[in-house]
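Structural characterization, general
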Amino acid sequence: MAPYVDAVRSARLTGRLGRVAALAGQAIEAIGPDVAIGEICTIDTGHGVPLEAEAVALRPGRVVLMPYGDIGGIGIGARVAAVGRRGDMPVGADLLGRVVDPFGAPLDGGPVPRTSGRRALAAQPINPLSRPPIRAPLHTGIRAIDLFTPLGRGQRVGIFAGSGVGKSTLLGMLARHVEADVNVIALIGERGREVREFVEHSLGTDGLRRSVVVVATSDQPALARTRAALAATALAEDFRAQGKHVLLMMDSLTRYAMARREIGLAAGEPPTARGYTPSVFGEIPALCERCGTIAGGGSITALYTVLVEGDDFNEPVSDIVRATLDGHIMLSRQLAHEGHFPAIDVLQSVSRLAAELTGPEERALVAEAVEVLATYERNRQMVEMGAYKAGSHGALDRALDVFPQLRDVLRQAVREPVARPDALAALGRALGRPA
């Protein structure tokens with residue numbers, strides 16, 4: 001009888017129920033059930049398949065829910081039932097090489113992945129004093145990054161770019177060549193057409209083999225898009241807990257912020273700068289701080305793309321991301337128009353850990369290159385107008401002499417990774433240093 005007694009004791013003998021009272025856009029107001037923020041509910045749709053939704057706001061006598069799917073079929077009076085759990089994500093090694101949705105369901109036509117457990121989408125903050133310092137360099141195979149904005153295992157960096165300047169291609173190159181055990185890639189708010197192109201062409205077979213790709217396309221509700229970011233971070237945390245070095249790439253953090261803005265407005269928050277609600281500026285640091293190193297030896301190196309609106313690098317999301325992360329890589333539309341790939345503006349890019357990851361000789365070589373590039377850019381317009389006479393300025397004469405060689409160092413073919421020693425040697429040759 002003992003198993004039966006245990007089954008009765010663990011069974012849910014009562015349910016928490018409510019009814020839909022109002023709908024406005026994607027916001028669903030229900031009278032009941034008695035739930036907490038973040039709890040999952042199901043809503044009867046009238047066609048047999050209940051819709052999952054999440055509680056995003058509580059008002060006197062009412063609960064505001066946001067759906068994970070299409071609200072078609074929901075009417076006033078539809079039954080709402082509390083599920084009794086919060087959002088989580090299935091985890092396990094079988095997810096490697098797969099493309100899944102924010103719930104872990106396959107999108108690549110393969111079988112449902114065998115998972116070893118589930119991990120909560122929301123994680124407890126890491127004690128800042130328990131984080132080991134970042135000392136191990138992370139080589140990307142991209143000269144412009146490894147030389148001018150070196151990355152370390154556990155660092156968090158933003159890739160800032162307007163639309164159409166090659167950030168997806170750059171992400172695919174990083175996923176293929178970065179020295180990481182596992183890649184977790186979140187495609188948030190992407191066009192459906194671009195997802196397959198990224199997986200097959202930018203990422204490729206070799207890159208996909210050690211990657212998990214979590215996809216929420218632009219046509220999905222805001223809650224599904226935010227869940228994709230949280231699910232990818234939870235997957236990265238699970239691999240990190242196993243002692244692995246994880247590369248988390250999220251494209252893009254801006255679309256995550258837009259989805260959070262949509263949820264915040266539905267919950268009744270006041271709009272602030274460019275319509276973003278106050279919670280957005282708290283959610284972004286909370287998400288980014290989940291990455292980094294832990295005492296067990298694993299790490300999450302995070303690369304977040306930021307889609308700057310109208311090429312304005314000082315818009316609100318860009319400002320909060322720059323203030324939160326450990327560095328930023330700026331992509332230039334002008335360089336992209338010149339056929340320069342990767343279109344990284346090294347003069348505007350910064351790695352806050354460069355001093356800890358490089359030696360004095362390397363830093364001196366890079367500083368010399370930066371000085372030459374800055375001199376050239378500062379006088380470029382004058383030179384192109386023909387207003388400069390050779391011999392008038394020694395530093396500018398040298399900049400004009402070595403700039404073509406430096407430009408060749410900063411350019412790189414998509415499928416040609418370069419080892420860091422070779423990149424340093426190439427930079428030395430460009431500056432006329434003896435081998």
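Per-chain numbering applies: the sequence of each chain, read as written, is numbered from 1 onward. In keeping with the predicted nature of the model, local features appear solely for residues at pLDDT of at least 70, side-chain atom pairs appear and are counted solely at 80 or more, and the whole-chain, interface and lining totals rest on all residues. Heavy atoms from the whole structure form the basis of all side-chain values; hydrogens and water molecules are not counted.

Here we look at the nonpolar core
The tendency in soluble globular proteins is for nonpolar side chains to be buried side by side. Residues grouped as a nonpolar core are buried Ala, Val, Leu, Ile, Met, Phe, Trp, Tyr and Cys residues, joined through side-chain atoms within 4.5 Å. Exposed residues in this analysis have more than 50% of their type's maximum accessible area, buried residues have under 20%, and partly exposed residues fall in between, with area computed by a 1.4 Å probe over protein chains only. Phe-148, Leu-174, Leu-406 and Leu-427 are the most contacted members of the largest nonpolar core, which totals 57 residues. When residues of this core are assigned to their parent elements, the largest contribution, seven residues, is made by helix H12 (residues 394-410). Ranked by size, the runner-up nonpolar core spans 41 residues in total, among them Ala-228, Ala-231, Ala-257 and Ile-284. Per the convention used, a helix needs a DSSP run of H or I reaching at least four residues, while a strand needs a run of E reaching at least two, with both numbered from the N terminus.

Let's talk about the packing of aromatic side chains
Pairing of aromatic side chains requires ring centres within 6.5 Å, counting the rings of Phe and Tyr and the six-membered ring of Trp. Pairs whose planes differ by under 30 degrees are stacked, by over 60 edge-to-face, and all others tilted. A complete count under the given rule lists three aromatic pairs for this structure. A centroid spacing of 5.1 Å and a plane angle of 85° characterise the contact between Tyr-68 and Phe-103, whose relative ring orientation is edge-to-face. On the criterion of sequence distance, the pair formed by Tyr-68 in the loop between strand S5 (62-67) and strand S6 (79-86) and Phe-103 in the loop between strand S8 (98-100) and strand S9 (117-120) is long-range, its members being 35 residues apart. Look at Tyr-376 and Phe-403: their rings are 3.8 Å apart centre to centre, the planes differ by 10°, and that puts the pair in the stacked class.

As for the pairing of strand S2 (residues 27-31)
With four of five residues buried, S2 lies mostly within the body of the structure. When strand S1 (residues 17-24) meets S2, the two strands line up antiparallel, connected through five bridges. When the bridges of S2 are listed, Ala-24 appears paired with Ala-27. Paired strands, as defined in this entry, are two strands with at least two bridges between them according to DSSP. Examined bridge by bridge, S2 and S5 share three bridges and lie antiparallel to one another. Within S5, the residue paired with Ala-30 across the bridge is Val-63.

A look at helix H11 (residues 360-384)
Compared with an ideal rise of 1.5 Å per residue, which puts 25 residues at 36 Å, H11 spans 35 Å between its outermost C-alpha atoms and is within 8% of the ideal. Within H11 the residues assigned to the buried category are Leu-365, Val-366, Glu-368, Ala-369, Val-372, Leu-373, Thr-375, Tyr-376, Asn-379 and Arg-380. Working rule for contacts: check all heavy atoms of both residues, and any pair within 4.5 Å makes them a contact. Of the surrounding secondary structure, the elements contacted by the buried residues of H11 are helix H2 (143-148), helix H9 (333-337), H12 and helix H13 (420-430). Two residues or fewer past H11, Gly-386 is found with a positive phi of approximately 80°. Residue count minus one, scaled by 1.5 Å, sets the expected span of a helix.

Notes on the pattern of salt bridges
Note on definitions: salt bridges are taken to be side-chain nitrogens of Lys or Arg within 4 Å of carboxyl oxygens of Asp or Glu. Taken as a whole and assessed by the stated rule, the structure comprises 28 salt bridges. Notably, a salt bridge pairs Arg-193 with Glu-194, separated by 3.7 Å at the nearest N-O pair. A residue is classified by how much of its surface remains accessible, and Glu-194, at 22% relative accessible area, is partly exposed. Here Arg-196 ties to Glu-200 by a salt bridge, and the two come within 2.7 Å at their closest N and O atoms. Pair noted here: Arg-196 and Glu-200 are both in helix H4 (residues 192-209), with a separation of four residues, about one helical turn. Judged by its relative accessible area of 59%, Arg-196 is exposed. When salt bridges that share partners are traced, they join Arg-119, Glu-237, Asp-238 and Arg-290 into one network.

Examining the pairing of strand S15 (residues 245-251)
Across the seven residues that make up S15, a large majority, seven, are buried. Residues His-245, Leu-247, Met-249 and Asp-251 point to one face of S15 and Val-246, Leu-248 and Met-250 to the other, with burial holding for every one of them. Bridge count for strand S13 (residues 182-190) against S15 is six bridges, and the pairing is parallel. Following the sheet pairing, Ile-185 is matched in S15 by Met-249. Of the strand pairs in this sheet, S15 and strand S17 (residues 299-307) are connected by six bridges, and their pairing is parallel. Pairing of Met-250 across the sheet is with Tyr-304, part of S17.

Here's the deal with a nonpolar patch on the surface
The patches described consist of residues with a relative accessible area above 30% and no salt bridge, like charges being joined within 9 Å and nonpolar side chains (Val, Leu, Ile, Met, Phe, Trp, Tyr) within 5 Å. Accessible surface area values rest on a Shrake-Rupley calculation with a 1.4 Å probe, where residue burial reflects the displayed protein chains alone. The grouping of Met-1, Tyr-4 and Val-5 at the surface amounts to a nonpolar patch, some 380 Å² of accessible area in total. Counting through the fold element by element, Tyr-4 comes out in helix H1 (residues 2-10). Relative accessible area serves as the criterion here: at 60%, Tyr-4 is assigned to the exposed category.

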